[in-house]
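Report on the structure
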Amino acid sequence: MTALVHGHRHPAIVEAVSRALEDGLSFGLPTAAEVDLAGHLSERIGAVDSVRFANSGTEAVMSALRIARAFTGRPMILRCAGAYHGTYDPILPEGAPGVAPSTWSTVVTIPFDDVEALRAAVAAHAGELGAVIVDLMPNRPGLVPASREFAAAAREETERHGILLIVDEVITFRLGVGGLHQEYGVRPDLVTLGKTIGGGLPVGAVGGREDVMAMTDPRRRGYVEHGGTFTANPLTMRAGLAALELLDAGEIARINRLGDALREELGALGERVNGRGSLMRIMSPEPDDLWWRLYRSGILIGRNGLAGMSTPMDESTVEEIVRRFRKAVA
Ligand code: PMP
C-alpha cells in the first residue's frame, strides 16, 4: 500500500517506537511527539502553517472537506472521476451503496486532467463550491501524473472564485521533500497526508493555511470538530518523525531514480508501466495472472499492479526484480 518507504522494520523506526512505548501508550493531552512531527511537516511543506492529525487518510480527507465547506460557507465539492480519496461519503463513486442519495447533489465530478471540464464545472457552480480536491497522480485511474496545465488551472480557478484547493498527498507525498504539489509549483490551501508520514503505523493529517486551519480551533464559536481518542498517538508520531527524517532529499531522489530505472527496464520487456519516481503501476491486461506469477517468483505488488521502491533497495534490487520478472512472465 506504499506506506513503508523504509521497508518493514527499519531499525531507526523500530527504536523510535520502542522508546515511545516506554513513555506510555496513549494520552489525552497533546504530546511533544505530536508537536515535533507537526513542526517537521510544516518545515517541509511550504503550504502547511499548521496541521491536525488523524488515524487514516480517510479521516484526513473528511476533515479537509468539512473545514473547506465551513471556511467558505459553501456546500459543494468538485473531484475527479475514479480518483480514490478514502471512504468518506461524498468522495465515493456516485451512487455508491449506503450513501444518502442527497449527497450527490453536493458533488461535481470531472474527468481527471481535463482542463476544459474543470473550467466549465467551476464556472457553472462557482458560488456553491467550497472545495476542489485533487490527487496529482491518482492510482485507481492508472497512476498517470496530472499535466502541469491541469494543476495550474485548478489553482487559478479556485483562487479566482474563493474556492479552497485541497491536494491529496496521501500516496504521493513521498515523491518530493514537500510532496508532489511542490514539483508542480502549486500552493494548495489544504494538504491531506497519510501512509508515509506515520512510518508504518495508522495515520492521517490535514494541514494548510493558518486562517483555514483555525476553523478547527475549539476556542472559536462554530468551530469544525476534529479529533478522536487515538489521533496523534505518540507511537505513530515518533514512527512518522523517524521515517521522515530518514526520507531526505537525497534518499527521495535516489529511490525515485530506482523507480525510473525499473520502469524503463520493464518497459523494455514490453510492459506498460505508469507512475513517477518511486511509485509505479504495472498496467497488465491480466492483473490477477501477473500478480500470481510475480508472487510465486518472490515479487509482491498490489493487486491492481501498484508497486513502490523503498530505501533499503538499490540498483542490485532493480536487477534482481527484472531477472525474476522476466522469468515470471516467460
Ligand atoms: N487518499 C488517497 C490518495 C489514498 O490513496 C488513500 C488510500 N489508499 C486514501 C486517501 C485513504 O487513506 P487510508 O487508507 O489511510 O484511509
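Above this text sits the structure in question.
Now for a description of the structure that goes with this document. Bear in mind that the values here come from a model prediction, so they are computed numbers and not experimental data.

Let's talk about helix H8 (residues 234-246)
The terminal C-alpha atoms of H8, which comprises 13 residues, lie 18 Å apart, in line with the 18 Å expected from a rise of 1.5 Å per residue. Counting buried positions along H8 gives ten out of 13 residues, so the element sits mostly inside the fold. At its buried positions, H8 is contacted by helix H1 (11-23), helix H2 (32-44) and strand E1 (50-54). Capping the start of H8 is the job of one residue whose side-chain oxygen sits 3.1 Å from the backbone nitrogen of leucine 235: asparagine 233.

Quick notes on the site of the ligand
All residues adjacent to the ligand are Ser56, Gly57, Thr58, Tyr84, His85, Gly86, Asp135, Asp168, Val170, Ile171 and Lys195. At a separation of 2.8 Å, an oxygen atom of the ligand approaches a polar side-chain atom of threonine 58. Within the side chain of aspartate 168, one N or O atom sits 2.7 Å away from a nitrogen atom of the ligand. When the free accessible area of the ligand is taken as 390 Å², the share hidden by the protein chains comes to 81%.

Notes on the side chain of aspartate 189
Of note, aspartate 189 is situated in the loop between helix H6 (180-184) and strand E6 (190-194). Residue class for aspartate 189 comes out buried when judged on its relative accessible area of 5%. Side chain to side chain, aspartate 189 and arginine 155 meet in a polar contact 3.0 Å long. At 2.9 Å, the side chain of aspartate 189 forms a polar contact with the side chain of arginine 209. With residues near it in sequence (within four places) discarded, aspartate 189 still touches Arg155, Ile163, Leu164, Leu165, Gly207, Gly208 and Arg209.

Focus: the sheet that holds strand E8 (residues 273-276)
In spatial order, the strands read E8-E9-E10; together these three strands make up an open sheet with antiparallel pairing. Across the chains shown, the open sheet's two edge strands, defined by having one partner strand only, are E8 and strand E10 (306-308). Taking each pair of neighbouring strands and ignoring which way they run, the sheet shows an average axis angle of 25 degrees. For strand E9 (residues 279-282) and E10, the ladder comprises three bridges, and the chain directions are antiparallel. Looking across to E10, one finds that leucine 279 is bridged to glycine 308.

A word on the pattern of salt bridges
Summed over all chains, the structure comprises 17 salt bridges. Here arginine 19 and glutamate 15 are joined by a salt bridge, their closest N and O atoms 2.5 Å apart. Taken together, the positions of arginine 19 and glutamate 15, both in helix H1 and four residues apart, correspond to about one turn of that helix. Residue class for glutamate 15 comes out partly exposed when judged on its relative accessible area of 41%. One salt bridge connects arginine 276 with glutamate 183, and the closest N-O pair in it is separated by 3.8 Å. Within this pair, whereas arginine 276 is found in strand E8, its partner glutamate 183 is found in helix H6, the two being separated by 93 residues in sequence. Take arginine 276: its relative accessible area is 29%, and that puts it in the partly exposed class. The class for glutamate 183 is partly exposed, based on a relative accessible area of 36%. One network of salt bridges, with partners in common, ties together Arg119, Glu156, Glu157 and Arg160.

Cut-offs used in this document
Residues numbered from 1 in each chain as written. Predicted model: local features only at pLDDT ≥ 70, side-chain atom pairs only at ≥ 80, totals over all residues. Heavy atoms only, no water. Helix = DSSP H or I, 4+ residues; strand = E, 2+ residues; numbered from the N terminus. Expected span 1.5 Å × (residues − 1). Buried < 20%, exposed > 50% of the residue type's maximum accessible area, 1.4 Å probe, protein only. Contact = heavy atoms within 4.5 Å. Polar contact = N/O pair within 3.5 Å; in protein donor to acceptor, adjacent residues only side chain to side chain. Near = heavy atom within 4 Å. Areas by Shrake-Rupley, 256 points an atom, 1.4 Å probe, with all protein chains shown as cover. Pairing = 2+ DSSP bridges. Axes fitted to C-alpha atoms, helices over the stretch in contact; angles between N-to-C directions. Salt bridge = Lys/Arg side-chain N within 4 Å of Asp/Glu carboxyl O.

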